[in-house]
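Breakdown of the fold
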Amino acid sequence: MCGILAVFGVADNSQKKRSRIIELSSRLRHRGPDWSGLHHHKDCYLAHQRLAIVDPASGDQPLYNEDKTVVVAVNGEIYNHKELREKLKSHEFRTGSDCEVIAHLYEDYGEDFVNMLDGMFSFVLLDTRDNSFIAARDAIGITPLYYGWGLDGSTWFASEMKALSDDCERFMTFPPGHVYSSKTGVQKRWYNPPWWNPESPIPSGPYDPLVLRKAFEKAVIKRLMTDVPFGVLLSGGLDSSLVASVASRYLADSTAAQWGSQLHTFCVGLKGSPDLGAAREVADYLGTRHHEFHFTVQEGIDALEEVIYHIETYDVTTIRASTPMFLMSRKIKSLGVKMVLSGEGSDEIFGGYLYFHKAPNKEELHHETCRKIKALHLYDCLRANKSTSAWGVEARVPFLDKEFINIAMGMDPEWKMIRPDLGRIEKWVLRNAFDDEQSPYLPKHILYRQKEQFSDGVGYSWIDGLKDHADQQVTDSMLDKASFVYPENTPTTKEAYLYRTIFERFFPKNSARSTVPGGPSVACSTAKAVEWDAAWSKNLDPSGRAALGVHASAYIDNGKTATQ
Amino acid sequence: MCGILAVLGCADDSQAKRVRVLELSRRLKHRGPDWSGLYQHGDFYLAHQRLAIVDPASGDQPLYNEDKKIVVTVNGEIYNHEELRKLMPNHKFHTGSDCDVIAHLYEEYGEKFLDMLDGMFSFVLLDCRDNSFLVARDAIGITSLYIGWGLDGSIWISSELKGLHDECEHFEAFPPGYLYSSKSGGLKRWYNPPWFSESIPSTPYDPLVLRRAFENAVIKRLMTDVPFGVLLSGGLDSSLVASITSRYMAGTKAAKHWGSQLHSFCVGLEGSPDLKAAKEVADYLGTVHHEFHFTVQDGIDAIEDVIYHIETYDVTTIRASTPMFLMSRKIKSLGVKMVLSGEGADEIFGGYLYFHKAPNKEEFHRENCHKLKALHQYDCLRANKATSAWGLEARVPFLDKEFLNVAMSIDPEWKLIKPDQGRIEKWIMRRAFDDEERPYLPKHILYRQKEQFSDGVGYSWIDGLKAHAEEHVTDRMMLNADHIFTHNTPTSKEAYYYRMIFERFFPQNSASLTVPGGASVACSTATAVLWDASWSKNLDPSGRAAIGVHNSAYEKHLANGNLTTSKITDSAPMRDGVGAPGLTIRG
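This structure is a prediction, so every number in the text was calculated from the model and none was measured.

1. Topic: the overall build of chain A
Per the secondary structure count, chain A includes 22 helices and 17 strands. Computed over C-alpha atoms, the radius of gyration of chain A comes to 23 Å, within 12% of the 24 Å expected from 2.2 N^0.38 for 564 residues, which places it in the range of a compact globule. Surface exposure of chain A reaches about 20,000 Å², of which carbon and sulfur atoms provide 53%.

Now the structure itself:
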C-alpha cells in the first residue's frame with residue numbers, strides 16, 4: 001500500500017502551507033515507509049508516501065505522462081498493467097510501476113478509463129493543462145479513501161482520515177466504485193455489475209465447480225505480481241487455506257519466485273488458540289515456511305489505542321479482529337515481508353457467516369450477500385487494509401477480484417443456501433469447487449471444516465479479556481449516560497463505550513463519527529438480517545458466538561457454547 | 001537501535017498512566033519498528049521498542065534474570081556477549097539476545113560491571129527486590145539517552161528527547177560514560193580511560209598495532225542476524241571500513257545467511273564529489289553499490305522532519321544529517337537494518353582541515369580529547385538519530401573502546417600535519433593501511449584529502465539551504481534574535497531558521513540547553529578558533545571556511561579564493577550585525 005494526500009484549490013501557496021502538507025502527508029508514512037514525494041502546481045498539492053512493491057528502484061511517485069502535464073498519486077496495484085501498456089503503444093513510459101498506466105490512460109480515454117483497471121486502487125489525477133482533477137476508488141473499497149472540504153474552498157483527498165480530519169470542515173468516506181470529476185463537480189459510479197442493483201432479478205447462472213475454481217485461481221495468480229518478499233495470512237480456515245494452497249501451487253511460475261519457491265505463511269493467536277493449531281496443520285500439509293506469532297491479552301489491550309488510531313473505527317467486531325492482525329503485521333514486516341495475500345471477502349460473497357444458517361430463502365440470502373459486499377469497505381476491507389498498512393505491509397484480497405465476484409455473484413443463490421439435509425454447510429459451493437480427488441488442494445477434513453469467527457479463532461479468552469478490561473474502565477453510570485454523550489451510534493456495551501472514547505480522542509469531529517457504520521447486528525449480520533430470527537434481536541452481541549445453536553459444535557456440546 | 005523509555009517512581013499505577021507511557025513510548029517506534037514491550041512494576045514502567053538484529057525470533061524486551069526479579073530495557077549491542085556468557089556458566093539465559101547478559105552481570109557484580117561491556121548501549125535496570133534502579137550510557141555516547149525529572153518525584157529516561165520532554169519539569173542529555181544509581185542517588189563516571197585526563201601520551205606509533213586494533217573493531221561489529229551494509233562516502237574513513245568489512249565478511253554468520261558480497265551505500269546531489277569517490281572505491285572493492293540521489297528541494301522538504309528526529313539546532317549537524325536521513329529511508333526500504341559508518345576518525349586523528357593550524361602537539365591532542373568528549377552532541381547524535389529515524393542501526397568501529405585506547409595513547413607528534421614531510425591529516429591511519437602486498441585501497445584513495453561531509457554530497461546543498469533561509473528569515477527577525485533566543489543566539493539566517501523549527505517541536509528551556517553552542521570554524525571547538533586570527537572573523541561552521549588549508553586551495557588558489565571570497569561577502573552583513581555577540585558567548 002501507499003498513502004496519498006491531495007489538496008486542490010488552496011489559495012495559499014506559502015512555504016508554511018507546503019510544510020503543513022508535508023506534515024499531514026507524513027501522518028500516512030506508515031502506509032508507505034519507503035519514500036515520499038510532493039508535487040506542487042499552482043494551488044494544487046499531490047503528496048505520496050510509497051511502499052515499493054513493483055519496480056522499487058524507479059517507481060517513486062507522483063507519476064507523470066510524457067510531458068508532465070498529467071500528474072497522478074496512486075495507492076494501489078494494477079494487476080493488468082502489462083495488458084494496458086500494450087494498448088498504449090504510442091505512449092512512452094518513464095517507470096516500471098504498475099500505476100503509471102493511469103496517467104496515460106487518462107490521456108487516451110479521458111475520465112472513462114477506470115473500469116479498464118483490474119486491481120485495487122485509490123488515486124488522484126491532476127491535469128495541469130486546465131487545472132482539473134479526478135479522484136477514484138476501486139470497486140469494493142479494498143483501498144481506503146476519504147475526501148473533505150476546507151473553509152478556504154479547498155477539496156481534500158486522503159488515504160486515511162488522520163491526514164485531513166484536522167484541516168477539513170467536513171469530510172466523508174469516498175464511496176467505492178466511484179469517480180469524482182472536478183469538471184462536473186459530482187462523483188459517479190463507474191462500477192456497475194449486475195448484482196449491484198437491488199431491483200435486478202435474482203441471478204440464475206449455473207454452478208460450475210470448475211469455472212469457479214479457475215476464476216479463483218486466476219484471481220490468486222494475478223496477485224503474485226511482486227518484486228519483493230511476500231506471504232499468505234493463514235488462519236487455517238477455509239478461505240485463507242485455499243489462498244495458501246493456490247499460491248503455493250502456482251508460486252514457482254510467478255515473478256514472486258525470485259524470493260524462493262517456498263511460500264511463507266503467517267498465523268497469529270493467543271497461545272494454544274484454535275487458529276494456531278488449524279493453520280499449523282494446513283501449513284504442514286502444504287509444506288510452507290510457517291511463522292506463528294503469539295500475543296497475550298495484555299499486549300492486545302496495550303495496543304488498543306494504536307489500533308483505533310490506525311483503523312479509524314469504533315466498530316466493536318472490527319476492533320476485536322484488527323488487533324491481532326495489527327500485531328501480526330508488525331512481526332511480518334520485521335521479517336522483511338512487504339506483501340501478504342489474505343482471505344477477506346469470501347464470507348460476504350458466499351454467505352459464510354454462521355447467521356446465514358437462518359436465511360429464510362435464496363432471495364433473502366442473495367440480497368444479504370449483496371448488502372454485505374457493499375459494506376465491506378467499512379468493515380473487513382478497512383480492517384485488512386489498515387491493520388497491515390499500519391506497519392507498511394500490503395494486503396491483497398483475491399476473493400474480491402472483479403471477475404471472480406462476477407462469477408460468484410452470477411450463480412443461482414440456491415446453491416449457496418445452507419442445507420444440512422443435503423450435507424451442505426456454509427460456503428459449500430467453494431469447498432466443492434476445490435474438492436479435487438486427483439491432486440487435492442487441501443485434505444478433506446480441512447476443506448469441509450466449519451468456520452471459526454476470526455476474533456474467536458485467535459483464542460477464546462481474547463474477547464473475554466477485552467470485555468473484562470472494558471468492565472474495569474467503564475462504570476455503569478458512564479454507560480447510563482451514553483445516549484447523551486454519544487447521541488449518534490450510541491454505544492450499548494461497556495466495550496463499545498471504551499472504544500468510542502478512544503476514537504473520539506483521536507477524531508473528535510462530527511464528520512469522523514459519521515464515517516463509522518452502526519445499527520443492530522448479530523454475529524456480523526446487517527440490521528436487515530437480524531429479523532431472520534426473533535431471538536437475535538434480544539441478544540445483540542456482535543461476535544460470532546452469538547449465533548447460538550448454529551455452529552456444528554453447538555449441536556454437539558450445546559451447554560458449553562450457550563453459557564459463553 | 002532500539003528505543004527505551006523508563007518512568008521510575010511516578011506514584012501513579014493507573015490504567016491512564018499506563019496508556020500515557022505506551023503513547024510516549026510510541027514516539028520512539030521509528031527506532032524499533034519490529035516489536036514493543038512494556039514492563040510495569042507498581043509505579044515503575046520500562047518500555048521498549050525493538051529493532052531486531054541479534055536473535056530476531058526470541059529476543060523481545062524487556063529482558064529478565066532467571067527469577068524475573070531483575071528487569072532490563074536496553075538499546076544497544078554488546079559485542080562481547082558470548083565471552084561474558086562464558087563468565088557466568090551457572091546462569092540460565094532466556095534468549096539469544098546480546099543484551100541478555102546485563103541482568104545476569106548485575107546479579108554477579110552489582111553495579112560494577114559497566115566496563116566489562118564492549119559495545120554501544122543505553123539501558124535501565126530495575127531491581128524489583130528493593131525497587132532500586134541503574135541507568136547507564138556507553139563510553140562515548142554512540143547511543144542517545146536523556147534523563148528528566150517530573151514534578152511528581154519521578155525520574156524519566158528516554159532514548160530521545162521526544163519521549164520525555166512533555167512530562168518532565170527539567171531534562172538533560174544523560175552524560176556518556178556515566179552511571180546513575182538510585183541507591184547512591186547520583187551520577188558517576190564509569191569510563192576512565194587514560195586519555196580522559198588530557199595528559200599528553202608518549203607511546204610510539206606502530207602502524208601494525210593500529211591496523212590490527214581497527215580491524216578487530218570492524219570485525220566484532222559484523223555480529224548480526226539480518227542484512228547489513230556500509231555507508232561509503234568515498235573518503236578515507238568509510239573506505240577503510242568498507243575495505244576491512246569486505247575482507248573479513250566471508251567468515252561471518254551474516255554472510256552465510258545474506259550472501260558474502262558487501263552492500264555499500266552513498267548519497268548525494270546528482271554529480272556530487274562523494275558519489276564519484278564512493279563509486280570508485282566500490283568498484284575497487286567489488287561491493288554491491290547503491291547510489292541515492294536527492295535534490296535540494298527534497299532536502300529542504302525534509303528539514304522539519306530531520307530536526308524533529310535529530311533534536312538539535314546545530315547548523316552543521318542538520319546540514320549533514322539531512323542527506324543521511326534521506327539515505328537511511330532508502331537503505332531500510334531495501335531490507336537492510338544495520339550499517340557500519342566512519343564517524344569518529346576525524347576527532348581521534350585530527351582529521352578536520354582546521355587541524356592544519358594546530359600550533360603544537362599539546363594543543364592538537366587536547367583538541368582531539370575535547371572533540372571526542374563532545375562527539376555525543378554532534379556526529380554520534382547525527383549518525384544515531386538520522387539512521388534510527390527509519391529503523392536502521394549505525395555502528396561506528398572508530399569509537400571502539402580498545403581502538404580508542406590504542407589511537408589516543410600514540411604520541412600526538414605523529415598526528416601533526418606536516419606538509420613538508422608529506423604528512424597530510426590522518427597520515428598515521430593512512431600509513432597503517434598502506435599495504436603493498438595486499439592493498440586495502442588504491443594509493444590515491446588512501447592518500448586523498450578530506451571532503452567535509454556536508455560539502456561532499458554536492459556543493460549546492462549548503463548554498464541551497466542558505467538561499468532558502470534567506471527567503472524565510474528577514475533582517476528584522478535577525479535583529480531581535482538575541483532577545484528571543486537568549487541562549488545560543490543564532491548568528492545566521494540559516495541558524496535562525498533551524499532554531500524556529502526546533503523550538504516548535506521542543507519549546508522547553510531544557511531542550512534548547514541540550515544543544516551545544518559557541519564559536520566554531522569548520523567544526524572546531526571554540527578554543528581552536530584561536531589558532532588562526534582570521535577565523536574569528538568568518539565563523540561559517542562548514543569545512544569550506546578553513547581557507548587555504550585544503551590542497552586544492554594551494555594548487556588553484558585563485559579559483560578557490562574567488563569562491564570563498566564570495567562566501568565571505570554573502571555573510572558580511574550578518575557578521576557585522578551579530579557576529580561579535582556570538583564570540584562573547586564562547587567564554
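2. Digging into the packing of aromatic side chains
Applying the stated rule across the entire model yields 74 aromatic pairs over all chains. The interplanar angle of 75° and the centroid separation of 5.0 Å between the aromatic rings of Tyr313 of chain B and Phe502 of chain B together place this pair among those described as edge-to-face. Of this pair, Tyr313 of chain B sits in the loop between α8 (296–310) and α9 (315–333) while Phe502 of chain B sits in helix α20 (residues 493–505), and the two are 189 residues apart along the sequence. Each member of the aromatic cluster is reached from another via a ring pair, and the members are Phe8, Phe133, Tyr147, Trp149, Phe157, Phe174 and Tyr180 of chain A.

3. Details of the UniProt feature "binding site: L-glutamine" (unreviewed entry) in chain B
All names here are of chain B. Residues annotated in UniProt with the feature "binding site: L-glutamine" (unreviewed entry) correspond here to Asp98. The topology assignment puts Asp98 in the loop between α2 (81–87) and α3 (101–109). With sequence-adjacent residues up to four places away left out, Asp98 is seen in contact with Val54, Gly76, Glu77, Ile78, His81 and Met223. Within the local environment of Asp98, its side chain forms a polar contact with the backbone nitrogen of Ile78, the two atoms lying 2.8 Å apart.

4. Looking at the interface of chain A and chain B
Each partner contributes to the interface: chain A provides 29 residues, whereas chain B provides 29 residues. Summing both partners gives a buried area of about 2,600 Å² for chain A against chain B, and 43% of it is carried by carbon and sulfur. Counting every contact that joins chain A to chain B gives seven salt bridges. Residue Asp60 of chain B is joined to Lys331 of chain A by a salt bridge in which the shortest nitrogen-to-oxygen separation is 2.8 Å.

5. Focus: the domain arrangement of chain A
Residue and element names in this part refer to chain A. As far as domains go, chain A holds domain 1 (3–192) and domain 2 (209–563). Inter-centroid distance (C-alpha atoms) of domain 1 to domain 2 is 29 Å. Residue-level contacts link 42 residues of domain 1 with 39 residues of domain 2. Where domain 1 abuts domain 2, roughly 3,200 Å² becomes buried across the two surfaces, and 58% of that area is made up of carbon and sulfur atoms. The largest per-residue losses of area from domain 1 upon contact with domain 2 belong to Ile53, Tyr79 and Ile140, which jointly make up 21% of the total buried on that side. Counting across the interface, domain 1 meets domain 2 through four salt bridges. Note that Lys338 is salt-bridged to Asp34, the shortest N-O span being 2.7 Å. The interface formed by domain 1 and domain 2 contains 18 residue pairs in polar contact (both at pLDDT 80 or more). Going through the elements one at a time, β5 (70–78) and β10 (170–173) are the ones with two or more residues in the side of domain 1 that touches domain 2.

6. A short note on the packing of helix α8 (residues 316–334) of chain A against helix α19 (residues 494–506) of chain A
Residue and element names in this part refer to chain A. One can describe the packing of α8 onto α19 by two numbers: an axis separation of 10 Å at closest approach and a directional angle of 75°. With respect to each other, α8 and α19 are oriented roughly perpendicular. Side by side, α8 and α19 meet where Val316, Ile319 and Arg320 of the first sit next to Glu495, Ala496 and Tyr499 of the second.

7. Looking at the UniProt feature "domain: Glutamine amidotransferase type-2" (unreviewed entry) in chain A
The sites that UniProt annotates as "domain: Glutamine amidotransferase type-2" (unreviewed entry) are residues 2–185 of chain A. Taken end to end, residues 2–185 of chain A has its terminal C-alpha atoms 26 Å apart, with 15% of it in helix and 34% in strand.

8. Some points on the packing of helix α7 (residues 297–311) of chain A against helix α16 (residues 460–473) of chain A
All names here are of chain A. The N-to-C vectors of α7 and α16 enclose an angle of 55°; their axes lie 10 Å apart at closest approach. Classed by the angle they form, the pair α7 and α16 counts as oblique. Seen from above, α7 lies across α16 with right-handed handedness. Facing α7, whose interface residues are Val297, Gly300, Ile301 and Leu304, α16 presents Ser461, Trp462, Gly465, Leu466 and His469. The residue inventory of the contact of α7 with α16, partitioned by class, reads five nonpolar, four polar and no charged.

9. A few points about the pattern of salt bridges
What the rule picks out here adds up to 87 salt bridges over all chains. For Lys443 of chain B, the salt bridge goes to Asp434 of chain B, with nearest N and O atoms at 3.1 Å. According to the relative accessible area criterion, Lys443 of chain B is partly exposed, its value standing at 41%. Judged by relative accessible area, which is 16%, Asp434 of chain B ranks as buried. Via salt bridges that share partners, Asp118, Lys218, Lys222, Arg223, Asp401 and Glu403 of chain A belong to a single interconnected network.

10. Some details on the UniProt feature "site: Important for beta-aspartyl-AMP intermediate formation" (unreviewed entry) in chain A
Residue and element names in this part refer to chain A. UniProt records the feature "site: Important for beta-aspartyl-AMP intermediate formation" (unreviewed entry) for Glu344 in the present numbering. Setting aside chain neighbours within four positions, we find Glu344 in contact with Met325, Asp380, Arg383, Ala384, Val397, Phe399 and Leu400. A distance of 2.6 Å separates polar atoms of two side chains, one belonging to Glu344 and the other to Ser342.

11. Thoughts on the confidence of the model for chain A
Mean pLDDT over chain A works out to 92, with 95% of the residues at or above the 70 mark. pLDDT under 50 marks residues 554–564 of chain A. Its contacts with residues more than four places away, or in other chains, come to seven contacts.

12. Here we look at the UniProt feature "binding site: ATP" (unreviewed entry) in chain B
Residue and element names in this part refer to chain B. Mapped onto the present numbering, the UniProt feature "binding site: ATP" (unreviewed entry) falls on Leu231, Val267, Ser341 and Gly342. Across 112 residues, the annotated set stays spatially compact, with a maximum C-alpha separation of 14.5 Å. Relative to the helices and strands, Val267 resides in strand β14 (residues 263–268). The residues contacting Val267, other than those within four sequence positions of it, are Asp274, Leu275, Phe292, Phe294, Pro323, Met327 and Val457. Note that Gly342 resides in the loop between β16 (338–340) and α10 (345–349). Setting aside residues no more than four positions away along its own chain, Gly342 makes contact with Asp237, Val241 and Phe398.

13. Things to note about the environment of Ile140 of chain A
Residues and elements named next belong to chain A. Assignment of secondary structure puts Ile140 in the loop between β7 (132–137) and β8 (146–149). Taking relative accessible area as the criterion, Ile140 reaches 4% and is therefore assigned buried. Sequence-wise, Ile140 and His377 are 237 residues apart; in three dimensions their C-alpha atoms are separated by 6.4 Å. Not counting residues up to four positions away in its chain, the partners in contact with Ile140 are Pro176, Tyr191, Trp195, Ile373, Leu376, His377, Cys381, Leu400 and Ile405.

14. Considering helix α6 (residues 274–286) of chain A
Residue and element names in this part refer to chain A. Counted at 1.5 Å a residue, the expected span for α6 with its 13 residues is 18 Å, and the 19 Å between its end C-alpha atoms agrees. When we look at burial in α6, the residues that qualify are Asp275, Leu276, Ala278, Ala279, Val282, Ala283 and Leu286. Projected down its long axis, α6 carries its buried residues within an arc of 170°, all on one side. Of the residues one or two after α6, Gly287 is the one with positive phi, at around 70°.

The rules behind these values
- Residues numbered from 1 in each chain as written.
- Chains lettered and ligands numbered in written order.
- Predicted model: local features only at pLDDT ≥ 70, side-chain atom pairs only at ≥ 80, totals over all residues.
- Heavy atoms only, no water.
- Helix = DSSP H or I, 4+ residues; strand = E, 2+ residues; numbered from the N terminus.
- Rg over C-alpha atoms; globule rule 2.2 N^0.38 Å.
- Areas by Shrake-Rupley, 256 points an atom, 1.4 Å probe, with all protein chains shown as cover.
- Phe/Tyr/Trp six-rings, centres within 6.5 Å; stacked < 30°, edge-to-face > 60°.
- UniProt positions renumbered as here; feature names shortened; annotations may be inferred.
- Contact = heavy atoms within 4.5 Å.
- Polar contact = N/O pair within 3.5 Å; in protein donor to acceptor, adjacent residues only side chain to side chain.
- Buried area = accessible area lost by both parts, 1.4 Å probe.
- Salt bridge = Lys/Arg side-chain N within 4 Å of Asp/Glu carboxyl O.
- Domains from an automatic or database assignment.
- Axes fitted to C-alpha atoms, helices over the stretch in contact; angles between N-to-C directions.
- Parallel < 35°, antiparallel > 145°, perpendicular 65-115°, else oblique.
- Left-handed = near helix turned anticlockwise from the far one by under 90°.
- Nonpolar A, V, L, I, M, F, W, Y, C, P; charged D, E, K, R; others polar.
- Buried < 20%, exposed > 50% of the residue type's maximum accessible area, 1.4 Å probe, protein only.
- pLDDT = per-residue confidence, 0-100.
- Expected span 1.5 Å × (residues − 1).
- Arc of directions from axis to C-beta.

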